[in-house]
Each structure stands twice: as C-alpha cells, then as structure tokens.
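# Summary of structural features
Here is how the chains run, residue by residue.
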Amino acid sequence: LCRAQLALFDIAGDQFALVVRDTSGTPDGALRAAQDVLAENVRLILGPLFATSVAAVAPEARAAGVNVVAFSNDRSIAGDGVYAMGLAPEPQIDRMIGYASQQGLSRFAVMAPSTPYGQAVVTATQAAVVRYNVELSRVVTYPADATDLTIEVRNLGDYDSRHQQLLDQRQVLAARGDEAAKLALRRLDNLDTLGKPDFDAVILPEGGKRLQTIAPSLAYYDIDPAEVRFMGTSLWEDPTLGTEPTLVGGWFTAPQPELWKTFADRYKKTYGAQPPRVASLAYDATALAAVLARHAAESNQPTDFGPAALTQPSGFSGIDGVFRFLADGTVERQLAVLRLERGGYQVVDPAPRSFRAAGS
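Residues numbered from 1 in each chain as written. Predicted model: local features only at pLDDT ≥ 70, side-chain atom pairs only at ≥ 80, totals over all residues. Heavy atoms only, no water.

A word on the overall build of the protein chain. Tallying secondary structure elements over the protein chain gives twelve helices and 13 strands in all. With respect to the principal axes defined by its C-alpha atoms, the protein chain has extents near 90 × 40 × 35 Å. The burial tally for the protein chain puts 47% of its 360 residues in the buried class. Accessible surface for the protein chain amounts to roughly 17,300 Å². Of this, 50% is attributable to carbon and sulfur atoms. (Helix = DSSP H or I, 4+ residues; strand = E, 2+ residues; numbered from the N terminus. Buried < 20%, exposed > 50% of the residue type's maximum accessible area, 1.4 Å probe, protein only. Areas by Shrake-Rupley, 256 points an atom, 1.4 Å probe, with all protein chains shown as cover.)

Next comes the structure, spelled out in structure tokens:
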C-alpha cells in the first residue's frame with residue numbers, strides 16, 4: 001500500500017482513486033479481493049503478486065471486462081486481459097547474451113535449478129543463442145533442494161574427461177623421459193585438468209547463499225572465473241554477493257540501479273523502513289494507471305485501461321526503467337548490464353532510456 005501511495009502523491013489527480021484489498025497471499029484471498037473490488041466497479045486491477053493468485057483472479061476480471069496488471073514474473077499467466085509486469089528471466093537473458101556476444105563471448109553454458117524459473121532461463125537461453133548466432137554448449141540442471149552439487153558441477157565443466165586427459169598426457173611425457181618432456185611435466189604439476197571447458201560464459205540463475213555456495217565449487221572443479229565469465233539474472237542484485245571472490249567480475253542484468261536507490265531512499269524517509277524490492281512494481285503499476293487517467297482527464301476523454309492504452313509502443317517510464325506491454329500480455333523492459341564488485345556492483349552497459357533508442 002505504501003509504495004502505491006507514493007505514486008498517488010507523485011502523479012494521480014482528483015479523478016483517480018485507489019481501492020486497496022488484502023489478498024492474504026493466497027489464491028482464495030486474491031479471488032475474494034477481486035470479487036470485492038469488481039463489485040465496486042473498478043476499471044483496472046493492479047496485482048496480485050503470485051502466479052497462482054493471478055490465475056484465480058483472471059476469470060472473474062475477464063468476465064467483468066476488466067484488465068489485470070499483475071506483479072508476477074511468470075509469463076504463462078499473461079494474455080487475454082492479463083498483463084504480467086514482473087521482472088521475468090526471458091528479457092534478462094536476451095539482454096545478457098546480446099551484450100556478451102558484442103564483447104566477443106560466443107559459447108554459453110547454463111547451470112540452473114529444476115524449477116519453473118530455472119527452466120525459463122534455459123528456454124530463454126536456447127532462444128537467445130539462436131537470435132545472436134552464438135552457441136549453447138552445455139546445460140546442466142539440478143534439484144532445487146539438492147545440498148551436494150558435486151556431480152552436476154563436474155559434468156558442467158567436463159571435469160572427469162579433462163582430468164583423464166591430464167593423466168594421459170603425464171603418462172606420455174613420463175614415458176619419453178627426455179629433458180623437454182621433464183620440463184613439460186613440471187608445467188603440469190599444479191594442474192588438475194588439461195584444456196578449458198567448452199564454453200566461455202556460464203549463466204547461474206541463483207542468488208543469496210545458494211549462489212555463494214555454487215560459485216566457488218565451479219572454480220574448485222576448474223571452471224576458472226578468470227577464463228569463464230560467470231553471469232546471472234537480477235537475483236544477483238545483492239551487494240553482499242561481492243564477498244565471494246569467485247563472483248567478483250561477474251555480469252548480471254537488472255533495472256538501472258540509480259532509479260531504485262532514489263526511490264528506496266525516499267520510501268525510507270517517508271515510512272521509516274527499507275522497501276522490499278518488489279515495491280517498485282506496485283509504484284510503477286499505480287503510476288501507469290494514474291498517468292492514463294490523468295491524460296484522459298486532460299483531454300476530456302473517459303479513462304481507458306484497454307489493450308490499446310496499455311500496449312502503447314512508447315511504453316511507460318518507472319522506477320525499474322522504461323517498460324511496455326506487448327499484445328500477448330508480457331512485458332518488455334530496458335535493462336542495464338552490471339558487474340559485481342567487492343563492495344557492490346557497477347553498471348557496465350546502461351539501460352536504454354527509450355525503446356526508440358534500442359532501435360525498436
């Protein structure tokens with residue numbers, strides 16, 4: 001509620017009213033909330049957050065001819081009057097691989113959990129490598145609740161095969177026994193494998209402690225972050241990740257951070273608490289609706305929250321940058337590429353400020 005109120009203070013005019021109902025974080029609660037506000041003849045539903053709750057709300061809203069701007073990042077619930085504005089993995093992966101390919105990286109791997117999010121990352125990577133004419137060398141998935149990923153990490157880097165190549169090479173050199181062979185053997189003394197992995201970038205769609213556990217295990221099994229670029233999604237938007245040395249220098253995609261910092265500082269000053277990261281969705285959705293209502297009032301037209309208004313090509317500008325809804329209900333965003341550092345992260349490629357700037 002607080003994040004939506006900030007948008008009201010900033011943008012909304014007298015013609016705009018925000019009706020708030022608690023969903024209790026459940027599909028049944030969301031359905032009851034939707035039925036309640038639809039009985040009050042609302043023109044647009046903002047929220048809910050979870051895909052299961054959106055699925056519960058959508059039929060009621062559709063029957064009433066009311067569109068839903070949901071906060072979920074699950075694209076499967078988008079369409080037929082539902083617009084999913086959450087930060088989905090698909091545009092993040094497309095942005096990352098597009099940028100990485102411009103920097104000369106051409107062979108990619110993915111190590112992802114066997115979750116809907118992880119599968120979405122794999123699917124998005126498969127699409128992006130085709131779009132940018134690069135290669136997907138390897139995909140490894142693992143159970144979301146797995147505590148030991150040794151087998152998966154070894155498979156990712158083809159560790160056993162590379163280790164055997166090293167043993168074979170040592171045997172050949174030892175059999176030769178000449179000075180050149182002895183010198184070559186000494187060069188192999190500190191190695192565990194021979195050769196490099198068959199990729200120059202690996203996408204790790206994890207965050208927090210889980211990511212801090214996985215990343216050093218990759219380095220331990222000879223996926224060297226000095227040779228292979230570690231990359232992630234907005235789950236990496238966490239300055240504490242920089243305490244893990246193997247992650248420092250990794251790239252990830254996220255909204256331009258300066259906008260969020262300004263919003264978070266203002267929110268804390270107003271309400272005395274740090275906002276959750278999803279607060280920007282509530283702000284941007286409310287701002288979108290308020291802008292459409294204000295423009296309608298200024299032109300003496302009825303407020304229009306229909307598909308044409310919601311999918312206007314120029315899009316909308318928000319805390320998470322420029323975004324626009326597509327006809328299928330998914331959202332397109334302009335994202336930045338950031339580099340993780342010891343004290344936080346730095347922008348290496350800023351988010352475009354408009355869709356025209358991106359050539360679309």
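Don't stop here, the text continues.
Further remarks concern the packing of helix α7 (residues 159–176) against helix α8 (residues 179–187). Relative orientation of the contacting elements α7 and α8 amounts to 150°, with a least axis distance of 8 Å. The angle between α7 and α8 places the two elements in the roughly antiparallel class. Of the two elements, α7 crosses α8, and the hand of that crossing is left-handed. For the pair formed by α7 and α8, the contact residues are Arg 170, Leu 173, Ala 174 and Arg 176 on the first element and Ala 180, Ala 181, Ala 184 and Leu 185 on the second. Across the contact of α7 with α8, the residue classes break down as six nonpolar, no polar and two charged. (Axes fitted to C-alpha atoms, helices over the stretch in contact; angles between N-to-C directions. Parallel < 35°, antiparallel > 145°, perpendicular 65-115°, else oblique. Left-handed = near helix turned anticlockwise from the far one by under 90°. Contact = heavy atoms within 4.5 Å. Nonpolar A, V, L, I, M, F, W, Y, C, P; charged D, E, K, R; others polar.)

Using the criterion set out here, one finds 17 salt bridges in the structure. Here Arg 107 ties to Asp 200 by a salt bridge, and the two come within 4.0 Å at their closest N and O atoms. Taken as a pair, Arg 107 in strand β4 (residues 107–113) and Asp 200 in the loop between α8 and β6 (201–203) lie far apart in primary sequence, 93 residues in all. Linking Arg 176 and Asp 178 is a salt bridge whose minimum nitrogen-to-oxygen distance equals 3.3 Å. Overall, Arg 176 belongs to the partly exposed group, its relative accessible area being 47%. Because the salt bridges share partners, they merge into one network encompassing Arg 21, Asp 36 and Glu 40. (Salt bridge = Lys/Arg side-chain N within 4 Å of Asp/Glu carboxyl O.)

Below, the discussion takes up the side chain of Gln 212. Mapped onto the elements, Gln 212 comes out in helix α9 (residues 208–220). A relative accessible area of 16% means that Gln 212 is categorised as buried. Among residues more than four places away in sequence, those in contact with Gln 212 are Thr 240, Leu 241, Thr 243, Glu 244 and Leu 247.

Turning next to the environment of Tyr 159. Of note, Tyr 159 is situated in helix α7. Not counting the four nearest positions on each side in its chain, Tyr 159 is found in contact with Arg 154, Asp 192, Thr 193, Tyr 221 and Asp 222.

In this model, the protein chain carries an average pLDDT of 91, and 95% of its residues clear a pLDDT of 70 or more. Predicted confidence for residues 1–9 stays below pLDDT 50, and this span has 27 contacts to residues more than four positions away or in other chains. (pLDDT = per-residue confidence, 0-100.)

Another point: unusual backbone geometry. At the junction of Gly 47 and Pro 48, the peptide bond is cis and its omega measures out at 0° in the coordinates. Counting through the fold element by element, Pro 48 comes out in the loop between β1 (44–46) and α3 (51–63). Unusually for a residue other than glycine, Asp 158 sits at a positive phi of about 50°. Inspection of the secondary structure assignment puts Asp 158 in the loop between α6 (150–156) and α7.

Before going further, it helps to examine a nonpolar patch on the surface. On the surface, a nonpolar cluster with roughly 250 Å² of combined accessible area is contributed by Leu 49, Phe 50 and Val 278. Relative to the elements of secondary structure, Val 278 occurs in the loop between α10 (257–271) and α11 (279–298). Judged by its relative accessible area of 40%, Val 278 is partly exposed. (Patch = residues over 30% accessible without salt bridge, like charges linked within 9 Å, V, L, I, M, F, W, Y side chains within 5 Å.)

Further remarks concern the packing of aromatic side chains. This model, assessed by the stated rule, comprises twelve aromatic pairs. Ring geometry for Phe 316 versus Phe 323: centroids 5.8 Å apart, planes at 35°, classification tilted. Taken individually, Phe 316 and Phe 323 each receive the classification buried, so the pair is uniform in this respect. One Lys or Arg, Arg 277, reaches over the ring of Trp 260 and ends 4.2 Å from the middle of that ring. Above the face of the Phe 355 ring, Arg 324 is positioned so that its terminal group lies 4.0 Å from the ring centre. (Phe/Tyr/Trp six-rings, centres within 6.5 Å; stacked < 30°, edge-to-face > 60°. Lys NZ or Arg CZ within 6 Å of the ring centre and 35° of its normal.)

Turning next to the sheet that holds strand β7 (residues 229–232). Reading across from one edge, β5-β4-β6-β7-β8-β12-β13 is the order of the seven strands in this open sheet, with mixed pairing throughout. Looking at strand neighbours, the two that pair on one side only are β5 (135–142) and β13 (344–349), the edges of this open sheet. Neighbour to neighbour, the strand axes of the sheet diverge by 30° on average, direction disregarded. Here β4 pairs with β5 via seven bridges, running parallel. Looking across to β5, one finds that Met 111 is bridged to Val 140. Strands in contact with helix α5 (residues 116–131) are β4, β5 and β6; relative to β4, the strand with the most contacts, it is inclined by about 165°. (Pairing = 2+ DSSP bridges.)

Our next topic: the sheet that holds strand β3 (residues 82–84). Pairing is parallel across the open sheet formed by three strands, whose spatial order is β1-β2-β3. With one partner strand each, in any of the chains shown, β1 and β3 form the two edges of the open sheet. Mean inter-strand twist for the sheet, computed between neighbouring axes without regard to direction, equals 15°. Bridge count for strand β2 (residues 67–70) against β3 is three bridges, and the pairing is parallel. Across the sheet, the residue bridging to Ala 70 is Ala 84, located in β3.

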